[in-house]
Amino acid sequence: MTFTLFPDARAALARDSLAGLSVGDALGSQFFVPGRHPADVAAGRLPPPPWQWTDDTEMACSVVAELAEHGDVDADRLALAFAQRCEPYRGYGPGAVTILRLIRTGTPWPVAAASAFDGQGSCGNGAAMRVGPLGAWYADSTAKAAARARASAEVTHAHAEGIAGAVAVAVAASLAARARLDGDRPDPARLLAAVAAALDPAAEVARGVRRAAGLLGRPLAEAVDGLGNGSRVTAQDTVAFTLWVAATHLADYPAAVRACVEAGGDVDTTAAIVGSVVAAYTGVGTPGGVPDGWLAAREPLPEWVR
Ligand SMILES: [Mg+2]
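These numbers come from a predicted model, not from an experiment. (Residues numbered from 1 in each chain as written. Predicted model: local features only at pLDDT ≥ 70, side-chain atom pairs only at ≥ 80, totals over all residues.)

Student: Help me understand the packing of helix α5 (residues 94–104) against helix α6 (residues 109–119), please; the structure alone is not making it clear to me.
Tutor: Describing two packed helices takes the angle between their axes plus the distance from one axis to the other. For the pair α5 and α6, interaxial distance at closest approach is 9 Å and the crossing angle is 155 degrees. One finds that α5 runs roughly antiparallel with respect to α6. Regarding α5 and α6, the two cross each other, and that crossing is right-handed. Residues G95, T98, I99, L102 and I103 of α5 pack against W109, A112, A113, A116 and F117 of α6. (Axes fitted to C-alpha atoms, helices over the stretch in contact; angles between N-to-C directions. Helix = DSSP H or I, 4+ residues; strand = E, 2+ residues; numbered from the N terminus. Parallel < 35°, antiparallel > 145°, perpendicular 65-115°, else oblique. Left-handed = near helix turned anticlockwise from the far one by under 90°. Contact = placed C-beta atoms within 7 Å.)

What follows is the structure, given as structure tokens:
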């Protein structure tokens, strides 16, 4: 079925996804502070505010600002926005800082992105962690979500797995937002099957998503064993796990983020990705949505995206 999705509706879906992404990032990053324990969140004890967001949110804000202003992502403009807004203290990986510095000082992004990691390009999570709101923006077309996710990924991630990670997350967020518009919760297995179908079947990320589908209904620890938890900071070791969590807890944002905290690993990034997909479905301040109190505890977003 085709339908018209007006710009305001796209923007609202993308902003809800960004809220979920940034709150997940900010709360997740609290668990790298000594003395914080995952059990506290499970017991409902939250860290004292403000929760500072990290690179995941900073880059996602550039994606949302680009969409809000231009209705699409232009690779050259997006690359420059990432580069100019990068505050390295926000937890960027050394590879990302290098690529963004090259772009900022005039190296064309295809050259900068291809030069990373001895010419293999990055297969890190940078492209996946910032793309959820773009998927929500394209709630009317998973094909468009996938194509524009690829364009947004390539400016920093030349490795096929880094790009596949972004495509997978964008398609999941697109389906989540579409389900919200349709008022029906997608079956977790069908959600993961649709994501896998959008990927090159030979990609490791695609194999991971298919494995994730086979682990639905299993305990969290088993999913971590089979899929990873982001501790290797690659898309291969992160994205399938995050989509398992998102599919499992699609109607319950707090439960989804708690699962990321409990799983450990690269928690700010896993919670950012999961939060971006789940909030595209639940919204903010709704039953099962991003709790208002959590949103208030998150450091405010940069002025240029508000
Ligand atoms: Mg981060």
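Student: I tried to follow α5 on my own but got confused; where do I start?
Tutor: Structurally, the α-helix is built with 3.6 residues per turn, so residues lying three or four positions apart point the same way. Burial in α5 covers these residues: A96, I99, L100 and I103. The arc that holds the buried residues of α5, viewed along the axis, is 95 degrees, so those residues lie on one side. Directly beyond the C-terminal end of α5, a positive phi value near 110 degrees is found at G106. (Buried ≥ 20, exposed ≤ 12 C-beta atoms within 10 Å, placed from the backbone. Arc of directions from axis to C-beta.)

Student: Honestly, the environment of P287 in this entry has me stumped. Any pointers?
Tutor: Residue position: P287 is located in the loop between α16 (267–282) and α17 (292–297). Looking at P287, the number of C-beta atoms within 10 Å reads 8, which means it is exposed. Distance in space between the C-alpha atoms of P287 and D25 is 21 Å, their sequence separation being 262 residues.

Student: When you look at the UniProt feature "binding site: Mg(2+)" (unreviewed entry) in the chain in this model, what are you seeing that I'm missing?
Tutor: Residues annotated in UniProt with the feature "binding site: Mg(2+)" (unreviewed entry) correspond here to T54, D55, D56, D266, D268 and T269. These annotated residues cover 216 residues of sequence, but their C-alpha atoms sit close together, with the largest distance between any two at 12.6 Å. Mapped onto the fold, T54 is located in the loop between α2 (38–42) and α3 (55–70). If we skip the residues at most four places from it in the chain, T54 touches D25, S29, R90, G91 and D268. Residue classification places D266 among the buried positions, given that 29 C-beta atoms sit within 10 Å. For D266, the contacting residues outside a window of four places in its chain are G230, S231, V233 and T238. (UniProt positions renumbered as here; feature names shortened; annotations may be inferred.)

Student: Would you mind going over unusual backbone geometry with me for this structure?
Tutor: Excluding glycine, residues mostly have negative phi values, and the peptide bonds linking residues are mostly trans. Cis geometry is adopted by the peptide bond preceding P50, which originates at P49 and carries an omega value of 0 degrees. Positionally, P50 belongs in the loop between α2 and α3. Positive phi is not limited to glycine here, since D118 has a value of about 55 degrees. By secondary structure assignment, the location of D118 is in helix α6. C-beta crowding within 10 Å serves as the criterion here: with 6 such atoms nearby, D118 is assigned to the exposed category. The backbone of V233 sits at a positive phi, close to 45 degrees, despite the residue not being glycine. Within the secondary structure, V233 sits in the loop between α13 (220–227) and α14 (239–248).

Student: Looking at this structure, how should I read the nonpolar core?
Tutor: Among soluble globular proteins, nonpolar side chains are generally buried collectively. Core analysis: the biggest nonpolar cluster contains 107 residues, and V167, A168, V169, A170, A172, V209 and L243 have the highest contact counts within it. The dominant element in this core, judged by the number of residues it contributes, is helix α10 (residues 160–182), at 13 residues. What V167 contacts, discounting residues up to four positions off in sequence, is A146, A149, R150, A198 and L199. (Core = buried A, V, L, I, M, F, W, Y, C linked by C-beta atoms within 7 Å.)

Student: What is the right way to read the environment of G208 from this model?
Tutor: Note on placement: G208 falls in helix α12 (residues 204–214). Look at G208 and you get buried, because 28 C-beta atoms sit within 10 Å. A sequence separation of 20 residues divides G208 from G228, and the C-alpha atoms of the two residues are 9.5 Å apart. For G208, the residues in contact, after removing those within four places along its chain, are L227, Q236, V239 and A240.

Student: What is the right way to read the environment of A19 from this model?
Tutor: Relative to the helices and strands, A19 resides in helix α1 (residues 7–29). In this structure A19 comes out as buried when scored by C-beta crowding, with 25 C-beta atoms within 10 Å. The sequence separation of A19 and G35 amounts to 16 residues, and the corresponding C-alpha distance is 26 Å. Other than its neighbours up to four places away in sequence, A19 contacts A279, V284, V290 and L295.

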